[in-house]
Amino acid sequence: QVQLVESGGGLVQPGGSLRLSCTASGSIGTISVMRWYRQTPGKQRELVAVISKSGTTTYVDSVRGRFTISRDNAKNTMYLQMNRLKPEDTAVYYCNVAEVVPSSRNYWGQGTQVTVSS
């Protein structure tokens, strides 16, 4: 059974920083891309950032230049460094991992709350 464990969320003031972590454990095989999503009440889940196995990254326009996604393949872990946080960044953040071997599956973390408020 594969589990994605997230950590690093919390309450921060506007302009502050947080670092989210997501670690895959269990009987997971080969991982391709890793993603961060976020969701607020009444809104559809939004793709925030993507990182390929080789390290190529993609960001939604609203976070580009402020957020950095990274990964440690040896540890099956990815991170989201969030700087200059804004109130509109408030959401539950979810990690997503795409397994391609031995089968094609997507796994989701439990979500971690990020609240940006003064």
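Per chain, the residues get numbers from 1 upward, laid out in the order the sequence is written. Residue-level local features of this predicted model are given only where pLDDT is at least 70; pairs of side-chain atoms are given and counted only at 80 or more, and the full residue set underlies all totals for whole chains, interfaces and linings. With hydrogens and water set aside, each side-chain value is computed from the structure's full complement of heavy atoms.

Colleague: Outline the packing of aromatic side chains, supporting the account with residue identities and numerical values.
Modeller: What counts as a ring pair is set by centres within 6.5 Å for rings of Phe, Tyr and Trp (its six-membered ring), and what kind of pair is set by the plane angle: stacked under 30 degrees, edge-to-face over 60, tilted for all other angles. Under the criterion given, the structure shown has one aromatic pair. Seen from their ring centres, Tyr-37 and Trp-108 are 4.9 Å apart, and the 50° between their planes marks the pair as tilted. One end of the pair, Tyr-37, is in strand β4 (residues 30-39); the other, Trp-108, is in strand β10 (residues 105-108), and 71 residues separate them in sequence. Cation placement over rings: the criterion is NZ of Lys or CZ of Arg within 6 Å of the ring centroid and within 35° of the ring normal. A cation sits over an aromatic face here: Arg-45 above Tyr-94, 3.9 Å from the ring centre. Above the plane of the ring of Trp-108 lies Arg-45, whose end atom (NZ or CZ) is 4.8 Å from the centre. Starting at the N terminus, helices and strands are each numbered in turn, a helix being any DSSP run of H or I of at least four residues and a strand any DSSP run of E of at least two.

Colleague: Lay out the state of the cysteines with the relevant residues and their values.
Modeller: To count as a disulfide, a pair of cysteine sulfur atoms needs to be within 2.5 Å. Counted according to the given criterion, the structure contains one disulfide. Across the disulfide, Cys-22 is cross-linked to Cys-95 (sulfur-sulfur distance 2.1 Å). Handedness of the Cys-22-Cys-95 disulfide follows from its S-S torsion of about 60°: it is right-handed. Taken together, the positions of Cys-22 in strand β3 (residues 18-25) and Cys-95 in strand β9 (residues 91-101) put the pair 73 residues apart, joining distant regions of the chain. Take Cys-22 and Cys-95: they sit in the same class, and that class is buried. Burial here depends on accessible area, computed with a 1.4 Å probe over protein chains only, as a share of the maximum for the residue type. Under 20% is buried, over 50% is exposed, and the range in between is partly exposed.

Colleague: Which residues make up the sheet that holds β3, and what values do they have?
Modeller: If DSSP finds at least two bridges between two strands, the strands pair. One open sheet holds the four strands; their spatial order is β1-β3-β8-β7, and the pairing between them is antiparallel. For this open sheet the edge positions go to β1 (3-7) and β7 (67-72), each flanked by a neighbour on one side alone. Taken over all neighbouring pairs, the strand axes of this sheet differ in orientation by 15° on average, direction set aside. Where β1 lies against β3, five bridges are found, and the strand directions are antiparallel. By the bridge assignment, Leu-4 is partnered in β3 with Ala-24. Working convention: axes come from line fits to C-alpha atoms, limited for helices to the stretch in contact. Angles between N-to-C directions cover 0 to 180 degrees.

Colleague: Before we move on, can you summarise the pattern of salt bridges with the specific residues and values?
Modeller: Only one rule defines a salt bridge in this text: a Lys or Arg side-chain nitrogen within 4 Å of an Asp or Glu carboxyl oxygen. The full count for this structure, using the stated rule, is four salt bridges. For Arg-38, the salt bridge goes to Glu-46, with nearest N and O atoms at 2.8 Å. On the basis of relative accessibility, which here comes to 7%, the residue Arg-38 falls in the buried class. A salt bridge links Asp-61 to Arg-64, with the shortest nitrogen-to-oxygen separation between them at 2.4 Å. The network of salt bridges with common partners includes Arg-38, Glu-46, Arg-66 and Asp-89.

Worth remembering: the numbers are spatial, not functional.
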